[in-house]
Structures are given as C-alpha cells and as structure tokens.
Amino acid sequence: MSISNNLNAIRAQLPQNVTLVAVSKTRPTADILEAYNAGQRIFGENKIREMSEKFEALPKDIAWHMIGHVQTNKVKFMAPFVGLVHGVDSLKLLQEINKQAAKHNRVIDCLLQMHIAEEETKFGLNEAELLELLGSGAFASLKNIKVKGLMGMATFTEKQSTIQREFKYLKSVFDNLKQRPESENFTAVILSMGMSGDYKLAIECGSTMVRIGSSIFGQR
Ligand SMILES: *Cc1c(COP(=O)(O)O)cnc(C)c1O
C-alpha cells in the first residue's frame, strides 16, 4: 500500500465532523509531500525542532500541529507558525505560548491535555487541575492563546474495554466543558483522541480529531 492509498482508505472511514491529523514525526519530507499531493493539509509532529525544519522546507498552506510534550524553552521556535498545540498541560506553558504568540501578533490555538491512561509516564492534567486552570484569573488574562478543547491518550493495551472507558471519560469531561460559557480565549469544540490502533473506538466515543501516523506512513 502507498501513502496515498492508506490516506484515502482512512479518510473514507472518517465521519465528516472528524478531522484527520497525519502524524509525520520521523518521516522524511518526501513522504509528507506524497500525503500533501493526495490532499492532506494537517500534519502532526512531536518535536519542535523537527517540525520547524519541515515547516521551512514544505508548502506554506500546511497546518502544523504540535502533538508531543512541549518544553517551555522551545515554544519560541514554533510560535511564528504552529497551527494547534495539542499537549498543553500547565498554566505556565500556556503563559509562555501566550507570550511568544504576542510577539508575532498571533492567537495560538491550544488543547489542554488530560491524563486518562493508567501509565504514570503520560503527561496531562486531571479534572480538578483542568477546572482550576480554566477558572483562574491568570488564564482569563491571556489574550494570545485560545483553548479549543481537550486531548488525551489512552492506555497502551489490547484491552478494548480499558481504552473505551478512558475515551468515554475524556468525552464526559469535554461535554462538561461545553456547558461553560465561551469566552475570548476559551471554547470547547475539539476533542483530540485516537491514534492508529484505537481511532475507530475513539470516534465511537465522540472524538472530533484523530492523530494517525503508522496507518498512513507505515511502521516507524
Ligand atoms: C506518534 C503519536 C501519534 C500517532 O501514533 P500512531 O500509532 O503512529 O498512529 C498520535 N498521537 C501522539 C501524541 C503521538 O505521539
């Protein structure tokens, strides 16, 4: 199977309200161009340096999503161009993104990452931390970011019931956020969950954005 065939096969399965992020981390620009030529315009990377190099080298109508953990001291390198930052899990990081976005007269869209998996190693907020962040005066004062929703990663397991429980939990937190009033820097419209191994389940559970790498580009 070629990259474009893989891409078309996946697209054919996605409901209209679900956005596909093609996860191109570690892939050469030639692979990304093949997906681009097949119509894909949103790509996800997990390292800021790699994403910046690809941004420089590739067509400028690509939307680059940062899907990995973000180091505060590297935010400045992506601030000029990044389209959506999925992995925001602290006020401190949000403040740095806001500061760097302001330097470029931009408003950078962000998702707050929630910890939903059993593994200790995965980053993210719990529900209490999430609500505290969104309710804080410090958050209200940020003018150059906009929180658009939530992102989460399920436990790495074969057990579908575990993954399903975690996705359903994230969806329920997302639905609660939708009850909050929208503001200049907050709206709950994007729920980023689902990767190659679990995106069908994620969509059943209410995902609006899936991040798919190996099913498009092959095993890394
Ligand atoms: C690598 C990665 C993906 C894509 O994983 P695949 O299994 O290759 O689809 C999705 N989300 C995040 C956060 C990733 O780091």
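Everything below is about the structure shown above.
Heads up: these notes are all about the structure in this document. Not measured: the values here are computed from a predicted model.

**Description of the site of the ligand**
Part 1 of the reasoning: Lining the immediate surroundings of the ligand are V23, K25, I67, M151, M153, M195, S196, R211, I212, G213, S214 and R220.
Part 2 of the reasoning: The side chain of S196 places a nitrogen or oxygen atom 2.5 Å from an oxygen atom of the ligand.
Part 3 of the reasoning: One of the backbone N or O atoms of G213 is found 2.8 Å from an oxygen atom in the ligand.
Part 4 of the reasoning: Isolated, the ligand exposes 380 Å² of accessible area, and the fraction of that covered by the protein chains is 90%.
Part 5 of the reasoning: Here the residues of the shell around the ligand are counted per class, giving six nonpolar, three polar and three charged.

**Focus: the packing of aromatic side chains**
Part 1 of the reasoning: In total, this model carries two aromatic pairs according to the counting rule given.
Part 2 of the reasoning: Between F55 and F81, the aromatic rings sit 4.1 Å apart at their centres with planes inclined by 5 degrees, giving stacked as the arrangement. Taken together, the positions of F55 in helix 3 (residues 48-57) and F81 in the loop between helix 4 (75-78) and strand 4 (84-88) put the pair 26 residues apart, joining distant regions of the chain. Each member of the pair F55 and F81 is classed as buried.

**Structural notes on the pairing of strand 5 (residues 108-114)**
Part 1 of the reasoning: Within strand 5, seven of the seven residues are buried, which leaves the element mostly enclosed by the surrounding structure.
Part 2 of the reasoning: Neither face of strand 5 is exposed, since I108, C110, L112 and M114 on one face and D109, L111 and Q113 on the opposite face are all buried.
Part 3 of the reasoning: Chirality of the crossover, the property in question, places the unit of strand 4, helix 5 (residues 91-103) and strand 5 among those that are right-handed.
Part 4 of the reasoning: Bridging between strand 5 and strand 6 (residues 145-152) involves seven bridges; their strand directions are parallel. Bridging across to strand 6, L112 finds its partner in L150.

Conventions we followed
Residues numbered from 1 in each chain as written. Predicted model: local features only at pLDDT ≥ 70, side-chain atom pairs only at ≥ 80, totals over all residues. Heavy atoms only, no water. Near = heavy atom within 4 Å. Polar contact = N/O pair within 3.5 Å; in protein donor to acceptor, adjacent residues only side chain to side chain. Areas by Shrake-Rupley, 256 points an atom, 1.4 Å probe, with all protein chains shown as cover. Nonpolar A, V, L, I, M, F, W, Y, C, P; charged D, E, K, R; others polar. Phe/Tyr/Trp six-rings, centres within 6.5 Å; stacked < 30°, edge-to-face > 60°. Helix = DSSP H or I, 4+ residues; strand = E, 2+ residues; numbered from the N terminus. Buried < 20%, exposed > 50% of the residue type's maximum accessible area, 1.4 Å probe, protein only. Right-handed = clockwise from strand over helix to strand, strands pointing away. Pairing = 2+ DSSP bridges.

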